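What follows is each chain in one-letter form.
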Amino acid sequence: MSWVFAILLVMLLAIGSFFILVGSFSLVKLSDFFKRLHGPTKASTLGVGCVLIASVGYHALGGTDPQPRELLITAFLFITAPISAHLMAKAALSLHMAERPPMPSGEPPQPVEAVDDAAGRDA
Amino acid sequence: MTPQTLVVYAVIGSMHVVGVAMLLALYRLVRGPSVPDRILALDTLYVCAIAQLMLFGMYLGTAVYFEAALIIAMLGFVGTVVLSKYVLRRDVVE
Amino acid sequence: MELAMASAIGILTAAGVYLLLRARSFDVILGLTLLSYATNLLIFSGGRLVPGKPAVLRDGVAPTLANYTDPLPQALVLTAIVIAFAMTAVTVVLAIRSRGDNDSDHVDGPRAERDFLASELRRLEEAREAAKADDAGGNA
Amino acid sequence: MIPFLEILLALPFVLALVVALARGLPRGATAWLAGLAPLLGLVLLAWMTPSVLQGWNVRADYAWIPQIGMSFTLRLDGLAWMFAGLVLAIGALVVMYAHYYLSAKDSAPRFFACLLLFMGSMLGVVLAGNLLLLVVFWELTSISSFLLIGFWSHRQDAREGARMALAITGAGGLALLGGVLLIGRIVGSHDLDVVLASGDLIRASGLYPWALALVLAGVFTKSAQFPLHFWLPHAMAAPTPVSAYLHSATMVKAGVFLLARLHPALAGTDLFFYVVTSVGALTLLIGAWYAIFQHDLKGLLAYSTISHLGLITLLFGISTPMAVVAGVFHILNHATFKASLFMAAGIIDHETGTRDMRRLGNLRRYLPWTSALAITASLAMAGIPLLNGFLSKEMFFAEALDIGGHRAMRDVITVAALLYGVFGVAYSLRFVYETFFGEGPRALDVTPHEPPRWMKIPVEVLVVLCVAVGVVPAWTIAPVLHAGAGAILGDTMPEYSLAVWHGINRPLLMSLAGIAGGIALYFGLRRLFDLHAIVRRSLGRSVFRWNMEALYGLAGRFTDRIANGSLQRSLLFLLLAAIAAGAAPFVGGDAAPLQWHGSQPMPLLGWLLWLVLVACAVWTIRLYRQRLLAVIVLGGAGLMVSLAFVFLSAPDLALTQLMVEMVSLVLLLLGLHYLPPRSPPERTPRRRLRDIAVALAAGLGTGTLAYLVMTRPGDTISGELLARSLPEAYGSNVVNVILVDFRGFDTFGEITVFGIAALIVHALLRRARMAPEKIMSGPPITLPVPADLAQIMFPLTLTVSVFLFLRGHNAPGGGFIAGLVLAVPLLVQYVIQGAASVESRFGFDYVRCIGVGLLVAGVSGVASMGFGVPFLTSGHLDLDLPVIGKVPLASAIGFDTGVYLVVFGGAMLILSMMGTIKPSRTRVSHLGIMEPGERSNRTGELR
Amino acid sequence: MNHLPVLPILIPLFAASIALFFEYRRFGMVPQRIVAWMSVAAMLVVACLLVGSAASGDVSVYLLGDWPARLGIVLMVDRLSALMLLVGLLLAAACLLHACAGWDRRAPHFHAFFQFQLMGLNGAFLTGDIFNLFVFFEVLLISSYGLMLSGGRGERMRAGLHYVSFNIAASTLFLIALGLLYGLLGSLNMAEISVRVAQLPPGDVALVQAAAGLLFVVFCAKAALLPMYFWLPDTYTHAPAAVASLFAIMTKVGLYAVLRLGTLSFGAAGPLDGFAWPALLALGAATLVLASLGVLAAQRLRALAAYLVLGSAATLFVAFSLHSAGTVGAGLYYLVHSSFAGAALFLLADLIRRRRGRASDRKDVIAALPDKTVPGLLFLVAAVSLAGLPPLSGFIGKLLLLEAVPSGPHTFWIWTLVLSTSFMMLVGLARAGTRLFWRVEPWPDAGQHTLEAYTPAHEAVHAPSRPLETAAIVLLLAYGLVLVLAAAPLLDYTRATATQLQAPADYVEHMRAATPTLREP
Amino acid sequence: MVATWRKRWLPSLPLSVTVFCFWLLMNDEISAGQVVMALVLALLIPPFAARLDREFARIGRLRSVPRMLGVLLLDIVQANITVALQVLGPERKIHPGFIWVPLDIDNIHGIAALTSIITLTPGTVSSALSDDRRHLLVHVLNLDDTDQVIRQIKTRYEAPLMEIFP
Ligand code: NA
Ligand code: NA
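About the cut-offs
Residues numbered from 1 in each chain as written. Chains lettered and ligands numbered in written order. Predicted model: local features only at pLDDT ≥ 70, side-chain atom pairs only at ≥ 80, totals over all residues. Heavy atoms only, no water. Helix = DSSP H or I, 4+ residues; strand = E, 2+ residues; numbered from the N terminus. Rg over C-alpha atoms; globule rule 2.2 N^0.38 Å. Buried < 20%, exposed > 50% of the residue type's maximum accessible area, 1.4 Å probe, protein only. Contact = heavy atoms within 4.5 Å. Areas by Shrake-Rupley, 256 points an atom, 1.4 Å probe, with all protein chains shown as cover. Lys, Arg positive; Asp, Glu negative; His and termini not counted. Charge placed at Lys NZ, Arg CZ, Asp CG, Glu CD. Salt bridge = Lys/Arg side-chain N within 4 Å of Asp/Glu carboxyl O. Core = buried A, V, L, I, M, F, W, Y, C linked by side-chain atoms within 4.5 Å. Buried area = accessible area lost by both parts, 1.4 Å probe. Polar contact = N/O pair within 3.5 Å; in protein donor to acceptor, adjacent residues only side chain to side chain. pLDDT = per-residue confidence, 0-100. Patch = residues over 30% accessible without salt bridge, like charges linked within 9 Å, V, L, I, M, F, W, Y side chains within 5 Å. Axes fitted to C-alpha atoms, helices over the stretch in contact; angles between N-to-C directions. Parallel < 35°, antiparallel > 145°, perpendicular 65-115°, else oblique. Left-handed = near helix turned anticlockwise from the far one by under 90°. Nonpolar A, V, L, I, M, F, W, Y, C, P; charged D, E, K, R; others polar.

K.L.:
Is there a simple way to think about the overall build of chain D in this case?
P.N.:
Within chain D one finds 37 helices and 6 strands. The C-alpha radius of gyration of chain D comes to 42 Å, more than 25% above the 30 Å expected for a compact globule of 943 residues. Summarising its shape, the C-alpha atoms of chain D cover approximately 125 × 65 × 60 Å along the three principal directions. Across the 943 residues in chain D, those meeting the buried criterion constitute 65%. For chain D, the proportion of contacts with a sequence separation of at least 24, taken over those separated by at least 6, is 79%. With an accessible surface of roughly 31,300 Å², chain D has 66% of that area assigned to carbon and sulfur atoms. Placing the 64 positive and 50 negative side-chain charges of chain D at their respective mean positions leaves the two points 11 Å apart.

What follows is the structure in structure tokens.
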């Protein structure tokens with residue numbers, strides 16, 4: 001392995017882990033659920049993506065795994081992350097009716113009920 | 001120091017960083033306050049786990065953890081989906 | 001490393017046992033789940049803790065315990081996980097059937113539930129009495 | 001050689017069966033069938049009489065359990081012959097009497113079957129030549145007498161009397177068993193001949209007191225000796241033929257029979273003498289005294305029976321040869337007059353509708369012949385000369401006066417004997433006077449008259465015997481007595497003369513004094529007290545009842561308090577037992593000290609993950625009352641466990657744990673829908689503290705044990721597994737090879753468990769209608785975007801599933817994981833698209849899928865058996881295909897296919913059943929408590 | 001290749017799988033019943049053959065997967081295994097007969113569960129591998145859950161929840177013990193474990209003992225020993241009849257495991273030899289006393305039967321804990337007896353329960369009992385047998401046990417215990433019998449309460465007479481009769497079994513000597 | 001005839017191709033055997049999976065795919081950095097908000113793709129689709145200019161997607 005590749009890998013790893021960290025950090029730092037919801041997308045796109053690319057490169061160079069199989073992981077993440085985010089947002093919206101913006105057409109918000117026990121904040 | 005060891009150090013470092021990220025997610029998981037927060041935290045933990053797996057595979061120079069990472073990427077969202085659906089409707093399968 | 005594993009096993013066990021002793025079916029199920037984590041880790045560590053040597057044979061590496069971890073406990077844990085899952089499924093369904101049929105999710109059934117409600121009422125009553133007494137005392 | 005003895009014994013049992021089964025027969029036929037047993041038995045006995053009288057024992061021997069010296073040995077010696085004759089003869093009379101006695105409502109087959117059963121058991125007792133066999137028949141008499149006493153089962157006194165008799169005599173039987181076993185230990189055999197020949201050995205043994213006590217416990221309970229006599233009067237609730245039989249010739253005589261039987265082996269010590277004579281004397285007096293105050297004819301007779309049995313016991317206790325002779329003689333005499341008296345009492349009851357002497361009287365006017373018979377028998381009971389009772393009583397007096405060596409005892413017994421004479425006359429007089437003389441009868445519903453001719457015949461026969469024996473004993477009873485007593489005494493048989501007149505001697509004077517005293521006592525009592533007003537409660541019965549109630553109360557309290565049906569208690573004790581068992585080896589004086597070994601160093605990352613795991617576990621506890629939150633946090637713990645597996649070289653485990661984690665989460669949420677969202681608060685802090693203590697102890701214990709094990713150097717067979725995995729099982733993922741090959745059998749069981757779990761879920765939810773905790777308003781939500789995305793996922797996940805399945809043998813994966821990877825995406829479809837939509841597109845029969853899977857796995861395992869190798873032996877084949885090249889095929893893949901199908905089918909069955917529970921039409925309020933009007937529908941079953 | 005040892009596991013597996021294809025609603029009950037009976041018959045034949053070959057003292061070894069015993073899983077058939085197998089199957093035949101009276105129709109998947117249950121039982125008796133024992137325990141437990149719950153509702157669900165939760169907790173403990181044992185000894189083969197225990201360094205003995213102790217706690221919990229029997233009365237009371245009677249063998253599985261491991265793995269004159277017996281003896285005795293109190297206290301006939309089963313298990317603990325060849329031999333005889341007699345009483349209790357209408361099998365409620373003659377007789381026989389009265393098998397069992405108690409300090413109190421508890425059971429059974437069969441109308445002085453609870457004859461449910469049910473009970477009681485008549489040969493067998501258990505070296509030798517057919521040893 | 005056959009056995013060529021590539025990518029070596037296996041799966045799985053389809057994909061021109069992917073990649077990187085800076089900076093500078101984005105695209109696959117893209121781009125999360133599928137609710141982490149966000153979404157993503165999924 002040459003230094004060039006090594007440094008490239010190190011950079012990828014650094015970027016990746018940085019964004020993963022920032023993603024989690026935003027979970028802790030931000031004050032509102034919808035703000036926090038933006039965090040994991042960073043982790044699952046650029047964060048994990050960089051690590052995966054690093055992994056592809058590392059295994060290809062090391063000969064342990066010639067195929068760029070990690071791309072499949074990215075593919076799956078790119079399909080599943082929106083599903084998760086969409087549903088979490090929907091769930092949160094149903095709990096926070098007040099924050100829900102009115103429909104653009106002016107009709108009232110859909111009466112989405114929330115599960116009352118889910119709103120419970122622990123004592 | 002060889003390029004190899006440099007990368008290994010970087011991998012180890014990254015693993016620790018991701019570990020810290022998991023701790024941060026843990027904070028949200030146990031603190032809440034709302035249920036979607038916890039769901040989000042669990043989801044984040046899963047995402048971090050993928051990174052950990054890949055990093056550990058690099059550290060060992062083996063591909064045996066690929067399947068596990070693939071599974072998390074492919075199905076880790078199931079928990080999130082089901083939990084969110086529960087919050088939305090209680091009836092997970094309608 | 002063993003210390004961490006053993007302490008984790010211990011904590012999971014303690015948590016599981018505590019929940020196991022609760023009075024509601026769902027809590028018991030949660031306790032059993034925690035216990036099964038502890039158990040799986042314990043069986044697993046019966047093969048000693050060997051990081052980074054999965055028992056997937058590689059070319060050119062002698063198939064000995066020096067190069068690979070002990071695979072047998074892993075196989076045992078796999079079986080244990082599956083069985084624990086099967087049992088969880090049965091317990092959950094049983095819990096909902098029991099609750100559906102008996103109108104109570106108390107593990108000891110509706111009678112225990114009635115006892116519980118009665119004691120809750122008594123407690124409330126006592127609290128109210130106490131409050132009243134306090135009021136009276138305050139007024140005096 | 002005709003097996004006479006066997007036939008003799010078998011007759012009653014066989015006929016009992018015949019009578020019981022012959023339901024449609026006329027009553028007369030039933031009675032004749034029943035009577036056949038004693039009659040034929042008597043014939044057989046007569047056949048064997050010559051050899052018995054010549055002193056030969058007739059024996060029959062069959063091995064039963066030779067290992068413990070239990071054999072089916074029958075043995076007819078003089079004593080047995082005498083008793084058998086008594087049992088059969090009186091049995092025959094009782095059958096005859098009973099035929100007329102039983103009313104149309106009573107089930108004759110049932111009665112006679114029980115009676116014959118009892119008769120057979122009694123015969124067994126007297127014929128048994130092996131002590132264990134004797135115990136068998138002994139307890140059979142208890143059981144069959146229980147049935148007889150409780151024959152009128154609609155009456156509470158009958159039920160209680162039966163239970164009391166069974167309890168007391170049954171307990172005595174158990175004691176006897178203990179005694180017999182002890183004798184067996186001393187002698188080394190249970191054969192009666194051997195035991196009887198080993199008297200010295202037994203008496204010399206240190207176990208003798210125990211053996212004696214236990215045997216006597218059997219004897220005394222059976223023959224109603226004080227203080228366990230009280231069951232006998234209560235057994236009077238039985239129909240009179242039963243009383244006549246049980247209390248004259250059989251049940252109670254079994255006790256004294258045993259005393260006689262084992263006399264050679266046990267008697268002859270001071271212990272024996274003092275215990276038996278004093279119990280006998282006490283019983284004698286108490287029975288007689290109480291008899292005076294009974295108002296019920298049968299009650300009076302019962303107490304008199306107790307008294308007479310006391311007398312017989314006393315005689316055997318005295319143990320001199322003459323006393324034994326007297327005892328045997330009195331057994332015979334008592335049987336005859338007591339049977340006739342009971343029958344007479346039965347006739348009176350039958351004709352007047354009452355047995356209460358306070359209402360009877362003057363019956364000689366109405367039933368002259370019966371009265372004459374009864375009066376004669378009563379006089380025999382009182383011991384009036386020229387009747388048989390007189391002879392044995394006089395022998396008793398003679399023996400009482402003749403006791404040597406025990407001066408004090410002699411005096412006591414002499415006084416007792418005199419009192420016995422007095423009391424005996426008094427109660428006999430009361431019986432005669434208040435029934436047949438004086439005024440009355442009072443307030444009867446019927447006018448009494450003589451019973452049917454045939455009903456009196458048994459009484460007549462017996463009374464004639466009383467008189468005959470009393471007048472000419474030497475011509476009538478002498479050979480019988482000789483045979484009976486001779487069997488007990490053997491060489492020590494004394495010279496005695498049976499005659500009415502022995503001149504004026506002290507016994508005669510005692511007799512006369514007794515008669516005079518008795519008359520004086522009865523009439524004196526009558527003058528002093530209103531006898532009719534005295535109501536005696538049975539103290540014994542009260543004590544018994546009280547004891548039983550105490551026992552039931554104790555049992556009830558204990559049982560309720562201990563096994564109170566609380567799951568928490570069950571679990572608590574399980575945990576405590578486990579903690580105790582785990583800690584026991586390390587506590588105590590000689591326990592080995594623990595050997596601590598060092599731990600491997602742990603990287604920081606490890607501690608980070610450890611922290612996550614532990615925090616998740618602890619917060620699950622903190623949040624457990626808010627169930628949804630607990631489930632989410634628990635998911636974090638599960639993920640961390642998977643990661644631990646990853647770092648500790650177990651990729652397969654990690655995969656499986658992950659998959660199971662996801663499915664479990666779904667499962668818990670599906671379940672939570674039908675459960676309250678929160679757990680109510682704990683009741684008592686003390687309880688919580690206790691639980692915390694137990695939890696900590698369990699955790700500490702498990703953790704410590706785990707640490708100690710983990711840090712020890714290991715020595716396992718796994719090295720060989722690693723070495724042989726690739727060359728012999730053709731797989732490089734050793735864990736998977738273990739699962740499908742080395743220990744494929746475990747996996748077989750595991751998938752069976754999985755399949756069964758799914759079937760249980762199916763069975764439980766198939767038709768269940770359950771009220772969900774909360775029904776959301778509006779139609780099901782649609783999720784078009786996630787649905788679309790998940791749909792893209794689906795074929796890809798299928799591909800991954802196939803991939804994991806095929807690769808499993810050489811890389812992480814395998815049938816189980818692949819099966820779940822197939823199931824989970826489908827589940828996601830259920831969640832996102834709704835059950836109806838998915839199931840309309842995929843017409844899976846998951847139940848059959850499980851069946852097919854199990855069959856595939858089984859068949860692939862069985863296939864190897866065709867090649868002469870064991871089940872599940874793997875084969876390997878390298879297919880050389882064109883284009884593709886070499887394709888390695890391991891037969892284990894067939895097995896894994898089965899696993900795959902079972903897991904997929906099982907997981908889907910569970911999840912789809914849980915997802916598609918039919919909601920009950922009743923709605924629940926937000927508290928989860930149904931409104932009152934809706935309760936009827938709550939069972940959850942479809943109508 | 002002699003495949004006999006594996007057949008008792010495979011036959012029910014295949015039968016169950018096939019039964020899954022014949023769903024009642026489409027095919028009716030007949031195909032399922034045919035499958036079930038063919039399976040039971042085949043297993044009975046196999047079991048007889050196995051008993052025949054084991055009787056000679058031979059230990060059959062079956063190397064699954066053709067791996068040497070230490071690597072793979074091994075099935076071992078010695079006298080004990082063969083006996084347990086046969087007893088279980090004979091019992092199963094009667095239960096199946098009872099179920100075929102129509103109860104199988106009401107419980108979805110009954111026949112599949114039933115066959116799985118037999119598979120689990122047979123597997124547990126046959127396996128020579130301790131983890132495989134766990135697996136078969138789970139198979140038999142989970143199928144017992146199925147049998148107990150399928151088609152049920154109401155209280156049975158709650159009782160089932162108890163049963164299931166308790167057993168899962170116990171199974172968890174089982175796993176913990178196995179994990180520790182494997183970690184300490186490095187083997188799962190029961191015989192191999194005994195060899196390794198014998199070579200244990202002194203410092204590890206206490207650890208192994210702790211693990212073995214946990215294991216024994218599990219088995220004792222399944223066998224319902226104090227203080228872990230609380231689950232049993234409730235469960236057995238609420239289980240359907242055929243199932244409750246099949247459960248009569250379930251407590252015996254725990255006992256089997258105690259006996260097997262106590263004599264083999266942790267016996268064999270190793271450093272652990274006999275470590276558990278004193279405790280088990282004391283607990284067994286205490287359980288026996290409590291069980292007899294339970295018999296007295298039981299308000300329902302089914303609870304009474306449950307306590308009798310409990311008492312029989314406790315008696316067996318006493319017998320086995322004395323660990324002499326004589327007591328173990330006697331205990332095994334008693335085991336056979338109590339399985340059959342207990343099962344018979346459960347079936348009978350159900351019969352009575354249904355005939356008494358809403359009074360059910362409650363002792364404290366007076367109710368008419370239509371057609372009581374046959375049940376009454378059967379009850380009499382079962383009660384006499386269970387109370388240990390002559391001349392039935394219970395008496396012989398207790399007699400053998402008393403006879404076998406070695407002379408020594410224990411003799412006195414064990415005799416007292418056995419005899420006095422027999423007495424209490426006798427009293428309890430007599431009371432139950434008189435109340436159920438004799439007290440069929442209230443007596444005149446009965447209180448208002450009694451009169452209100454009274455179910456007169458015309459209100460009693462005339463449950464359709466199902467001849468198969470009675471036949472099943474008669475069959476079970478007939479087994480008892482055979483036990484009486486064939487006591488001597490059976491005792492020879494059980495004593496030989498005990499001797500074989502006491503000298504496990506031979507067993508270990510057989511295990512080690514077994515060589516794979518194709519592979520290298 | 002051919003159409004029904006195709007619909008039944010080869011319901012979606014893109015899907016078959018995807019499965020084929022997926023298989024080859026997933027395995028650690030490409031051999032003849034693997035290619036055959038990939039072909040088999042590519043033929044077997046889509047008919048099976050297609051049973052789930054509610055609305056079949058109408059796929060138009062694929063010309064704009066590479067360009068759009070490039071744009072997306074660039075946006076993801078750029079937005080990641082932006083959002084990272086926002087998160088690390090003081091929170092008061094963040095002004096989040098919801099906006100309803102009116103949709104012109106009506107192909108459900110297109111909508112799904114658009115939603116995914118919006119979510120995958122840090123700073124925006126698509127939270128709900130109106131029942132008539134005409135509006136998409138988007139949460140924006142830092143909402144300075146509503147119209148600009150809407151415009152960007154519509155031009156950068158919706159337009160090319162409408163080409164791909166007409
Ligand atoms: Na549902
Ligand atoms: Na985004």
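Now that the structure has been shown, we can carry on.
K.L.:
Could you clarify how one ought to interpret the pattern of salt bridges in this entry?
P.N.:
All names here are of chain F. Tallied over the entire structure, the rule returns 52 salt bridges over all chains. The salt bridge involving Lys154 is made with Glu158; its shortest N-O contact spans 2.7 Å. With Lys154 and Glu158 both in helix H6 (residues 146–164) and 4 residues apart, this pair spans about one turn of that helix. Assigned by exposure class, Lys154 and Glu158 land together as buried.

K.L.:
Honestly, the nonpolar core in this entry has me stumped. Any pointers?
P.N.:
Taken as a class, soluble globular proteins show a tendency for nonpolar side chains to be buried jointly. Among the nonpolar cores identified, the biggest contains 793 residues, and Phe112(D), Leu765(D), Tyr145(E), Leu215(E) and Phe266(E) are the most heavily contacted of them. With 20 residues, the single largest contributor to this core is helix H8 (residues 155–185) of chain E. Leaving out residues up to four positions away in the same chain, Leu215(E) has contacts with Ile130(E), Phe174(E), Ala177(E), Leu178(E), Leu181(E), Leu261(E) and Phe266(E).

K.L.:
How should I be thinking about the interface of chain C and chain E in this particular structure?
P.N.:
By convention, interface size is frequently given as the accessible area that disappears when the constituent parts associate. Chain C puts 31 residues into the contact, and the matching count from chain E is 28 residues. Note on chain C versus chain E: buried area summed over both sides is about 2,500 Å², and carbon and sulfur give 78% of it. Of all residues in chain C, Leu76(C), Met87(C) and Leu94(C) give up the largest surface area on contact with chain E, accounting jointly for 23% of the area buried on that side. Counting across the chain C and chain E interface gives 0 salt bridges. Our enumeration of links across chain C and chain E arrives at 7 residue pairs in polar contact (both at pLDDT 80 or more).

K.L.:
Hey, could you run me through the confidence of the model for chain C in this one?
P.N.:
Any segment with low pLDDT has predicted coordinates that should not be analysed in fine detail. Scored by pLDDT, chain C comes out at a mean of 90, with 97% of its residues at no less than 70. For chain C, the element scoring lowest by mean pLDDT is helix H4 (residues 109–139) of chain C, at 82; helix H1 (residues 2–20) of chain C scores highest, at 96.

K.L.:
What exactly am I supposed to notice about the environment of Val82(B) here?
P.N.:
You can see Val82(B) is positioned in helix H4 (residues 77–89). Here Val82(B) falls in the buried class, since its relative accessible area comes to 1%. For the pair Val82(B) and Val92(B), spaced 10 residues apart in sequence, the C-alpha to C-alpha distance is 6.4 Å. Those residues in contact with Val82(B) that lie beyond four places of it in its chain are Val92(B), Val666(D), Leu669(D) and Val831(D).

K.L.:
Whenever I open this one, a nonpolar patch on the surface confuses me. Can you help?
P.N.:
There is a patch of nonpolar side chains on the surface, built from Trp3(A), Ile7(A), Met11(A), Ile15(A), Met1(B) and Tyr9(B) and spanning about 670 Å² of accessible area. On the secondary structure map, Ile7(A) appears in helix H1 (residues 3–29). The class of Ile7(A) is partly exposed, set by a relative accessible area of 44%.

K.L.:
I tried to follow the packing of helix H30 (residues 718–729) of chain D against helix H31 (residues 734–742) of chain D on my own but got confused; where do I start?
P.N.:
For any two helices packed against each other, one specifies the inter-axial angle together with the distance between the axes. Residues and elements named next belong to chain D. Where H30 contacts H31, the axes come no closer than 10 Å and their chain directions differ by 70°. Taken as axis vectors, H30 and H31 run roughly perpendicular relative to one another. For the pair H30 and H31, the sense of crossing is left-handed. Contact residues: H30 offers Leu721, Leu722, Arg724, Ser725 and Ala729, while H31 offers Val734, Val737, Ile738, Asp741 and Phe742. Here the residues of the contact of H30 with H31 are counted per class, giving 7 nonpolar, 1 polar and 2 charged.

K.L.:
Which parts of the structure should I look at to understand the interface of chain E and chain D?
P.N.:
Between chain E and chain D, the residue contacts involve 130 residues of the former and 114 residues of the latter. Between chain E and chain D, a total of about 10,500 Å² is buried, with carbon and sulfur atoms accounting for 75% of that surface. The tally of links from chain E across to chain D stands at 6 salt bridges. Note that Asp204(E) is salt-bridged to Arg712(D), the shortest N-O span being 2.5 Å. The tally of links between chain E and chain D comes to 22 residue pairs in polar contact (both at pLDDT 80 or more). Here the element with the most residues in the side of chain E that touches chain D is H8(E); it accounts for 14 residues. Along the lines of polarity and charge, the residues of the side of chain E that touches chain D split into 86 nonpolar, 24 polar and 20 charged.

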